[in-house]
Amino acid sequence: MKLFLSGNEAIAFGLMEAGVRFLTAYPGTPSSEVLPAAAEIKKRFNLNAYIEWSVNEKVAIEEATAASFCNVPSACVMKQVGLNVGMDPFMNTALVGTVGGFVLVVADDPGPHSSQTEQDSRFMAFFAKTPVLEPSTPKEAYKFSKEALSLSKRYEIPVMLRTTTRVSHSREDIEIGNIEDSGLSVEFKKDRDRYAATPHFRFILHKRLNEKLEKIKIENEIEEHFNGDTLIITSGISFAYICDIVEEFGLENKVKVLRIKMPFPLDESKIQKYIDEYGSAIVIEEGYPLIEMQIVDRRDVKGRNDGTVPKEGELTVDVIKSIFAKSGLIDYKKEEVVKPPFKRPSLCPGCGHRSAFYIIRKTFGNRAVYTGDIGCYTLGLNLNAVDTVHCMGASVSFAFGFNKAFSLDKNSKPIVATIGDSTFFHSGITPLIDAVHNRSPFILVILDNSTVAMTGNQTTPANETGASEHNKKPVSIEKIVEAIGVEFLRIRDAYDIEGMKEDLEAAKGYIENNDLPAVLIFRHPCVYTKEGLESNIRFEDVYIEQDKCTGCKVCIKDFECPSLVYNEETNKVFIDATTCIKCGQCVVSCPFDAIRVKR
Ligand code: SF4
Ligand code: SF4
């Protein structure tokens, strides 16, 4: 059957066709579509498979590792920063080895388009000593997914499939094979020297891992393309771009392209032979110089290290053309493109987070320190209610750290941390335990919209539905907060601006007189979920009385709803009816009472 698939959907088809029957993931752009696609495949082909959104990447890797130990072909999916969270188990999974096959799919985001870092996950594979396959197209993503599981089974080693935003999100016609259950033989064969090895025996496991890598290295074939005198070594999406450039400029007899499917483990001697034969080489790879650094004699190698290839940013077609031009291969000057004016990202019209940030900022002003977190609510930045964004859960640990640091100087600035519901489950619970145990007074606002909104409205542990099974036991955020020992807890609808103000004032009073954090849960369903769409408050109309509007733009500055638009001709604000959801939340932001609602 031929299907028009994105790279992420192709990975799901490849994995399920190869026999993966245990799949875990934590959502994160650009990887989020793999797991829902696999859940659809499970349903469509009635497969005996377990698929879940895990609470975080560490848990996802551990669960899939355990399933692999039971001889169940397993896979785990995440974005690059997610692997930072999962590195602890991943290092050990590599050392102990797998049984039924284990593929770790990691999607990198060079650019970066929607991430905190530009890191190259292939280095994590190198660090953990696991093979990494790197597709350059969606079709290869499908093919390499199957090859990754096969390699993993043969060598009892986890195999990383590293994709990037462009491969994950581009589409291609792909011929898909048969997908059916072939029967699982689920068994955990106890072997304490392996699965519970004490440090004394760990070096034996390390030796076995090194032996596996030596064998895999020999299997790692290098593809040759074209027939010229300039040697180019490449992998992943860069290979696809280079092929296009060769065709566009007719370079078939000018370049020799070596394509590396598996950037680690590499047989350096094979590559060195080519370099010796051609006298020099240019290495072009998306991310950090992994292939380049494995070349032992780099005296005649150009790439990231000598600045031929830029050290940061995405290797787009234009960038690679510029590298070719610099190397004398083509005549190329990048065309100046007139970029549209920058429009900063913004919370959606009607988002409850906006109302929460608005009133947090109004209550605490400029003096407070606002620690933020990873999710749509990072955009509290636009409402001046986020001063730091670091990594998942850091809003809570930063609030704690700031509080303890300030106390060393008898400084008593209020600190307000904001974190989303899914991020709280992922990494916010442990720092809250630390803050309670070590008696740190700050305000933690959990912005609960009952979904992982930023990455496509995936479920959280508080939901009854999951990725494939829908009988989940919801886990209560408030009960967790209470169980940790928080004594001040209030829950409020995030559309109740007056109520939130009351809670924030009360929390402020509490932390001034107590030495524990105060927790507020401001809850309102994401307006783009089914629940949000059905249950959200809608007025018949929300409009701006043009006679009253002074054009001061306070509403735009303080409330920042994208539906509030300044008209340069009339010098007044109007509401864009095509995007406004008529929630009426902006009414509070106008000092002149110009924003009106019709019930
Ligand atoms: S705050 Fe009120 S008066 Fe000022 S621009 Fe907005 S709607 Fe007009
Ligand atoms: S009513 Fe106001 S806050 Fe709500 S979507 Fe419209 S402009 Fe935005």
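Here the structure is a predicted model, which means the values were calculated and not measured. (Residues numbered from 1 in each chain as written. Chains lettered and ligands numbered in written order. Predicted model: local features only at pLDDT ≥ 70, side-chain atom pairs only at ≥ 80, totals over all residues. Heavy atoms only, no water.)

S.K.: Can you explain the site of ligand 2? Please cite residues and give values.
M.R.: What surrounds ligand 2 is the set Pro349, Gly350, Val542, Phe559, Cys561, Ser563, Cys580, Ile581, Lys582, Cys583, Gly584 and Cys586. Class assignment of the residues belonging to the shell around ligand 2 gives a composition of 8 nonpolar, 3 polar and 1 charged. (Near = heavy atom within 4 Å. Nonpolar A, V, L, I, M, F, W, Y, C, P; charged D, E, K, R; others polar.)

S.K.: Describe in detail helix α9 (residues 199–219), supporting the description with residues and values.
M.R.: In this model α9 runs 31 Å from its N-terminal to its C-terminal C-alpha over 21 residues, within 8% of the 30 Å that 1.5 Å per residue would give. All of the buried residues along α9 are Leu205, Leu209, Lys212, Leu213, Ile216 and Lys217. Buried residues of α9, seen end-on, are gathered within an arc of 140 degrees and therefore sit on one face of the element. Facing away from the buried surface of α9 by more than 90 degrees, the exposed residues are His200, Phe203, Lys215 and Ile218. On its buried face, α9 sits against α4 (80–96), α5 (122–128), α6 (138–155), α8 (192–195) and α11 (268–278). (Helix = DSSP H or I, 4+ residues; strand = E, 2+ residues; numbered from the N terminus. Expected span 1.5 Å × (residues − 1). Buried < 20%, exposed > 50% of the residue type's maximum accessible area, 1.4 Å probe, protein only. Arc of directions from axis to C-beta. Contact = heavy atoms within 4.5 Å.)

S.K.: Can you tell me about the packing of helix α1 (residues 7–18) against α6, naming the residues and giving the values?
M.R.: Running from N to C, α1 and α6 point in directions that differ by 35 degrees, and their axes come no closer than 7 Å. Like other packed secondary-structure pairs, α1 and α6 cross with a definite hand, here right-handed. Contacts between α1 and α6 involve Gly7, Ala10, Ile11, Phe13, Gly14, Leu15, Glu17 and Ala18 from the former and Pro138, Ala141, Tyr142, Ser145, Lys146, Leu149 and Lys153 from the latter. Here the contact of α1 with α6 is composed, by residue class, of 9 nonpolar, 3 polar and 3 charged. (Axes fitted to C-alpha atoms, helices over the stretch in contact; angles between N-to-C directions. Left-handed = near helix turned anticlockwise from the far one by under 90°.)

S.K.: Lay out the packing of aromatic side chains in plain terms, naming residues and giving numbers.
M.R.: For the structure on display, the rule yields 11 aromatic pairs. Taking the centre distance of 5.0 Å and the plane angle of 50 degrees together, the rings of Phe188 and Tyr195 count as tilted. By relative accessible area, Phe188 is classed as partly exposed at 40%. Where Phe488 meets Tyr510, the ring centres are 5.2 Å apart and the plane angle is 40 degrees; that geometry is what we call tilted. You can see Phe488 sitting in strand β17 (residues 488–493) and its partner Tyr510 sitting in helix α18 (residues 497–513), a full 22 residues away along the chain. Taking the relative accessible area as the measure of exposure, Phe488 reaches 10% and is therefore buried. (Phe/Tyr/Trp six-rings, centres within 6.5 Å; stacked < 30°, edge-to-face > 60°.)

S.K.: Which residues make up the sheet that holds strand β11 (residues 255–260), and what values go with them?
M.R.: With mixed pairing, 5 strands are arranged side by side in an open sheet as β9-β11-β10-β12-β13. Whereas interior strands pair on both sides, the edge strands pair on one side only; in this sheet they are β9 (222–225) and β13 (301–302). Strand direction decides the pairing type here: strand β10 (residues 230–235) and β11, joined by 6 bridges, are parallel. Opposite Thr230, over in β11, you have Val255 as the bridge partner. Sheet strands touched by helix α10 (residues 236–249): β9, β10, β11 and β12 (281–284). Its angle to β10, the strand with the most contacts, is close to 140 degrees. (Pairing = 2+ DSSP bridges.)

S.K.: Can you explain the environment of Leu315? Please cite residues and give values.
M.R.: Within the secondary structure, Leu315 is located in the loop between β13 and α13 (317–326). What makes Leu315 buried here is its relative accessible area of 0%. Remark: the alpha-carbon pair of Leu315 and Glu534, spanning 219 residues in sequence, is separated by 43 Å. Discounting residues that sit within four places of it in the chain, Leu315 has contacts with Ser238, Tyr241, Ile284, Glu285, Glu286, Arg304, Val309, Pro310, Ile320 and Ile323.

S.K.: Can you break down the sheet that holds strand β5 (residues 102–108) residue by residue, with the values?
M.R.: The parallel open sheet is built from 6 strands, whose spatial order is β3-β2-β4-β5-β7-β6. Every interior strand has two partners, whereas the edge strands, β3 (50–53) and β6 (132–133), have only one. Across the face of the sheet, helix α3 (residues 57–69) comes into contact with β2 (22–25), β3, β4 (74–79) and β5 while running at roughly 165 degrees to β4. The strands touched by α4 within the sheet are β4, β5 and β7 (159–164), with β4 carrying the most contacts at an inclination of about 135 degrees.

S.K.: Give me the lowdown on unusual backbone geometry, citing residues and values where you can.
M.R.: The omega angle of the peptide bond from Thr29 to Pro30 is 15 degrees, so this bond is cis rather than trans. Structurally, Pro30 is set in the loop between β2 and α2 (34–44). Cis geometry is adopted by the peptide bond preceding Pro112, which originates at Gly111 and carries an omega value of -25 degrees. Within the secondary structure, Pro112 is located in the loop between β5 and α5. The phi dihedral of Glu560 is positive, around 60 degrees, even though this residue is not glycine. Turning to its location among the elements, Glu560 is positioned in the loop between α20 (554–558) and β20 (564–567). On the basis of relative accessible area, Glu560 is assigned to the buried category, the value being 7%.

Interpretation in functional terms is not warranted from these geometric data alone.
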